[in-house]
Each structure stands twice: as C-alpha cells, then as structure tokens.
Amino acid sequence: MCACVPAIAVVLAALVAAGEAAAGAWPRAPGEVFLSFRGEIETSDGGPQHNASVYGEYGLTRRVTLVAQFDNANDPWTARRFGTGVQFALSGPDAVNRFAIGFGASTPPDVAGAMTSTRGELSFAWGRGFESRWGGGWATATARVIYGRDTRRPITDVSGLVGLKPAPGRMAMLSASRYADDGGAYWKVSPALGYRLRGETWLVPSVTQELSDDRSTAVGLALWLTF
C-alpha cells in the first residue's frame, strides 16, 4: 500500500469534487469527518467575482461515505446549489486499483428553484497510488452524469487528477476536467499545492484556468480539516 494514501483521501475530497458533491475512490474511515472551506476570486470579461464553498464528508462505514456541499458560484460547473450524496467503495482496503460508485442530488437554495431545478447524479470513480523518484503519488479519474428537469439532455462531468507528495507536509497536484451541458462544453485545468499547517490541517492555494468560452482565471485558497 502506498504511504501517501491518507493524503490521497484528502486531495480527492476537495479537488475532484466539483459542483455537486462527489467523493473520490478512497472512502473515509468510519466516524471520520473531513471539511473543506474554500474562497476564490475569479476574473473574466465581466469583472471579478468572489466565490465561496463548503464541502464535507463523513465515514459511515468502511465502504460508505456521506458527502455534502454548498457553492455560491455562478459558473455552470459550480452553480449556486446545495448537494448531498453517498459514495460506495467497490474495492477492498488493500486493492491496488480503487473503484467507487456514488449517488447524489442537488438543488438551488430557494424554494422555487428546488421545485423546478432539482437534479440527480450518478458517479463512478477510479484511483490508484504509486511510487516515483519524486515521492509517493496518486492518480484518479471521476465521471459524473447529472439528470434534471431543467436540462434538455444529461449533464456530463469528467475529471482527472495526478498528485505527488515530494516531502512530509507538502503536496503538488494537477487536475483537469470537462463539463458539458445544454450551453456547451467547458474545459478547466487547475494546479494546486498543499501545505500541512499542523496535524491534519492543510492550506491549499490553487489556480484554475478555464480553456473555453470566456477563458476566465480563478485564484483560490482552501482550508482542509480532518478529525
């Protein structure tokens, strides 16, 4: 088993989960809680925009993780919505390749939006740890299909992440994703760094570049807590 597995679980929780809540291929330990608080400043042709999000996970059993998220952004892939879900690990604790399947739902924070724009979600995640000359690493991929009465066709969201832990208390990550809805397809790439402050508290600065449409750039800072 790769020694970077604890870091993998934290990274997947916050970076692979975009938009509606979706955990990664590594489940939380029973009774374990993970929280991510994230702020972001996005610049585009329309001027600067300030976004904030809260994401949480709770390990219900060895294979079942509960997730929840709120995001106030106006981007298609991180629309202003509440999301909840459950993730089921399909692989055993010693598996080299990890697989998980998830089910979730999300809704806008207002009553009228909840009645017309509630969405359901199905996700599938894969992950694998590895060793390299630069330290322990991990790779993951997640595919989501989102259904709702407010969309003419299912929304698809495919993302991948590669990360390294070159030194204790340090992480480097690169993620990419493609989100497609009725308005078109949106590509993003996001490098990020992780710095352990103490215990399992991490500070994570990141930059997200949108590669299609208005080519907006966002600078974010997240605080991760595990207890």
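Summarised in this report is the structure supplied together with it.

Calculation criteria
- Residues numbered from 1 in each chain as written.
- Predicted model: local features only at pLDDT ≥ 70, side-chain atom pairs only at ≥ 80, totals over all residues.
- Heavy atoms only, no water.
- Pairing = 2+ DSSP bridges.
- Helix = DSSP H or I, 4+ residues; strand = E, 2+ residues; numbered from the N terminus.
- Axes fitted to C-alpha atoms, helices over the stretch in contact; angles between N-to-C directions.
- Phe/Tyr/Trp six-rings, centres within 6.5 Å; stacked < 30°, edge-to-face > 60°.
- Buried < 20%, exposed > 50% of the residue type's maximum accessible area, 1.4 Å probe, protein only.

Moving residue by residue along a regular strand, the side chains alternate between the two faces of the sheet. Two elements, strand β10 (residues 184-198) and strand β11 (residues 201-210), share six bridges in a ladder whose sense is antiparallel. Looking across to β11, one finds that Lys 188 is bridged to Glu 210. The turn joining β10 and β11, which pair antiparallel and follow one another in sequence, is formed by two residues; a positive phi near 55° is taken by Gly 199. Note that β11 and strand β12 (residues 217-226) share nine bridges and pair antiparallel. Across the sheet, Val 207 pairs through a bridge with Val 219, a residue of β12.

Before going further, it helps to examine the sheet that holds strand β8 (residues 155-167). Judged by pairing direction, the barrel is antiparallel, and its twelve strands sit side by side in the order β1-β2-β3-β4-β5-β6-β7-β8-β9-β10-β11-β12 before closing back on the first. For this sheet, the mean inter-axis angle between neighbouring strands, taken without regard to orientation, is 20°. Relative to strand β7 (residues 135-148), strand β6 (residues 119-132) runs antiparallel, the two being bridged by 14 bridges. Following the sheet pairing, Gly 120 is matched in β7 by Tyr 147.

The next subject is the packing of aromatic side chains. By the definition in use, this model includes six aromatic pairs. Ring centres 6.3 Å apart and planes at 70° place the aromatic pair Phe 34 and Trp 224 in the edge-to-face group. Note that Phe 34 is positioned in strand β1 (residues 33-43) and Trp 224 in strand β12, a separation of 190 residues in sequence. Here Trp 224 falls in the buried class, since its relative accessible area comes to 1%. Connected via pairs of aromatic rings, a cluster forms that spans Phe 34, Tyr 55 and Trp 224.

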